[in-house]
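# Observations on the three-dimensional arrangement
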Amino acid sequence: MALKQLPRYVYYLLVAQAFNLIAAVLSVTVSAIVGLKLAPTQAWATVPYGLQFLAMLLTTFIFSALMKQWGRYLVFQLGCICLFLAGVSGYLALQTEQFYLLCLSHFSLGLFISTANFYRFAASDRLAADLIPKATAMVISGGVVAAVIAPMLAIQFQQVQGLPDFSAIYLIFSILAVLLSPILYQWHQQFKLQQEQQAETKSVPQAPLSTRLVAAAVISGAFAYYVMNVMMIMSSLHLKEHHSFHYASISIQLHVLAMFLPSFFVSRLMQRWGTQRTVYAGFALLMLAALIPLLGQQGFYINAALIVLGVGWNFAYSGASTLLAGLNEQQKHRVQGINETMIALFATLGAFLPAPILTQLGWTNANLLALLMSAVVVAVLVILIRSARFAAKAPSSSPKTR
């Protein structure tokens, strides 16, 4: 049976997500280099990028609560203002060589990303249940655009005549904000129009998602991000040690494409397999990605592992996001806020831990640890999901007598 067409407003959020990820990828590209240039000591070079994650960690739940009070649109526009300020303060930081302005820039960027991470949930608000997987995956697929465009922008605008190196890249943040604001306005208008057209038809109140399924979705999304971040950065460090920087850059770009390209078909898999089995498949691929490097340390094996890692992350992340997109009105803002905070926490851990893990354990043991952690998470997910099913069946089966 063919899926119904997605509403037009979902595609505005697809473009918005592409802008979000272009900004995020550009920040990864320049933050450490510019930090090293402006920091008072080398040890402070990654502080601006760390503040970006800290901003996400501290404010994600706050923004989710504000969305419940004000609506998503106003918070999204507030995010645009933060993105614009990130660009201006980053540009001024390089013009005046002030490190505190660079810190302010990346903290502001973190505030924007904190709001933009809710785009995939906004796409599924008040949407028919059979369209939720497709809408969620469609918005996530904006990463494909970012994976292609962001590296090109970084190369093209790294040096611009008459400007300090990398300052033009920060100006791109402000340009993205100016373009993004009307796109979000169009999304909001289309969304309101859609709701007015549906107002005459009575909608059936949505049942709350069980606590166990909520826990399973949050755990799968957070740990998928953690495992992906750890293995990606470990692989990047390993490649840079044994291969050229250019080779390592291409490998990571292949990985990023593998993270987002499955979004074009993962909704069909969720329709066929079910959302929970898609999550299981994602973690199976994450475990396979940890096994492949054990076959050999040549570039071929690591590239294959990075591609499998990207696809596995997409399955687990898309599946978890789809489960949480289906929450009812009473649950969604609180639970989605908790979910995004957990993802920010585990993504931050995944960004800081790879180097110590690789140093202490070595390449082989580090991959075995990732394999073990993924296996433990799968076991926890199976227990939670099965207990949720038994709890759901118990009330309906107890009155039945023969």
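Just so it is clear, the structure is predicted and the values come from calculations on it, not from any experiment. (Residues numbered from 1 in each chain as written. Predicted model: local features only at pLDDT ≥ 70, side-chain atom pairs only at ≥ 80, totals over all residues. Heavy atoms only, no water.)

### Let's talk about the packing of helix α3 (residues 72-96) against helix α4 (residues 99-116)
Which entries qualify depends on this criterion: Interaxial angle, 0 to 180 degrees, is taken between N-to-C directions of lines fitted to C-alpha atoms, where a helix line uses only the stretch in contact. Secondary structure elements are taken from DSSP: a helix is a run of H or I of four residues or more, a strand is a run of E of two residues or more, and numbering for both begins at the N terminus. Reported orientations rely on four angle classes, namely roughly parallel under 35 degrees, roughly antiparallel over 145, roughly perpendicular from 65 to 115, and oblique for the rest. Left-handed is the label given to a crossing in which the near helix is rotated counterclockwise from the far helix by less than a right angle, and right-handed is the label when the rotation is clockwise. For this scheme, ten residues count as nonpolar: Ala, Val, Leu, Ile, Met, Phe, Trp, Tyr, Cys and Pro. Four count as charged, namely Asp, Glu, Lys and Arg, and the remainder, Gly too, count as polar.
With their axes 7 Å apart at the nearest point, α3 and α4 run at an angle of 160° to one another. It follows from the interaxial angle that α3 and α4 lie roughly antiparallel. Judged by the sense of rotation from one axis to the other, the crossing of α3 with α4 is left-handed. Here the contact of α3 with α4 is built from residues that sort into 15 nonpolar, 7 polar and no charged.

### Quick word on the pattern of salt bridges
Applied cut-off: Only one rule defines a salt bridge in this text: a Lys or Arg side-chain nitrogen within 4 Å of an Asp or Glu carboxyl oxygen. Between buried and exposed lies partly exposed: a residue is buried under 20% and exposed over 50% of the maximum accessible area for its type, with that area taken using a 1.4 Å probe on protein chains only.
Scanning all chains against the criterion turns up 3 salt bridges. A salt bridge links Arg72 to Asp125; the shortest N-O distance between them is 2.7 Å. Of this pair, Arg72 sits in helix α3 while Asp125 sits in the loop between α5 (119-122) and α6 (132-140), and the two are 53 residues apart along the sequence. Just as Arg72 is buried, Asp125 falls in that class too. Here Arg120 and Glu340 are joined by a salt bridge, their closest N and O atoms 2.5 Å apart. Of this pair, Arg120 sits in helix α5 while Glu340 is found in helix α14 (residues 329-352), placing the two residues 220 residues apart along the sequence. Take Arg120 and Glu340: they sit in the same class, and that class is buried. Salt bridges here are not isolated pairs; linked through shared partners, they connect Arg72, Asp125 and Lys332.

### A short note on the side chain of Ser31
Defined as follows: Should any heavy atoms of two residues lie within 4.5 Å, those residues are considered in contact.
Looking at where Ser31 falls in the secondary structure, it is placed in helix α1 (residues 9-38). Overall, the relative accessible area of 3% leaves Ser31 in the buried class. Contact partners of Ser31, with chain neighbours within four places excluded, come to Ala45, Tyr49, His106 and Tyr170.

### A short note on unusual backbone geometry
For Arg126, which is not glycine, the phi torsion reads 55° and is therefore positive. Tracing the chain through its elements places Arg126 in the loop between α5 and α6. Given a relative accessible area of 53%, Arg126 falls into the exposed group.

### Re the confidence of the model for the protein
Any segment with low pLDDT has predicted coordinates that should not be analysed in fine detail. To keep it simple, the criterion reads: You can read pLDDT as the predictor saying how much it trusts each residue, on a scale of 0 to 100.
For the protein, per-residue confidence averages 87 on the pLDDT scale, and 92% of positions sit at 70 or higher. Put simply, helix α10 (residues 245-260) is where the protein has its lowest mean pLDDT, 80, and α3 is where it has its highest, 97. Here residues 396-402 is a poorly scored stretch, pLDDT under 50, and it has 0 contacts once near neighbours within four places are set aside; other chains count.

### What about the nonpolar core?
We apply this condition: Remark: nonpolar core denotes a set of buried residues (Ala, Val, Leu, Ile, Met, Phe, Trp, Tyr, Cys) joined through side-chain atoms within 4.5 Å.
Judged by nonpolar contacts, the single largest core of 122 residues is most densely connected at Phe112, Tyr119, Leu184 and Phe283. Per-element tally for this core: the top contributor is helix α9 (residues 211-242), with 15 residues. Residues contacting Leu184, with those up to four places away along its chain left out, are Leu13, Ala16, Tyr73, Phe76, Gln77, Cys80 and Tyr119. Grouped together as the second largest cluster of nonpolar side chains are 6 residues, Ala137, Val266, Met270 and Phe315 included.

### Regarding the packing of aromatic side chains
What counts is decided by this rule: Centres within 6.5 Å are what make two rings of Phe, Tyr or Trp a pair, Trp counting through its six-membered ring; a difference in plane orientation under 30 degrees is then read as stacked, over 60 as edge-to-face, and the rest as tilted.
The final tally for this structure, using the stated rule, is 17 aromatic pairs. For the ring pair Phe300 and Tyr301, a centre distance of 5.5 Å and an interplane angle of 70° mean the geometry is edge-to-face. Here Tyr301 falls in the partly exposed class, since its relative accessible area comes to 25%. Among the aromatic residues, ring-to-ring pairing joins Tyr9, Phe76, Tyr119, Trp187 and Phe191 into one connected group.

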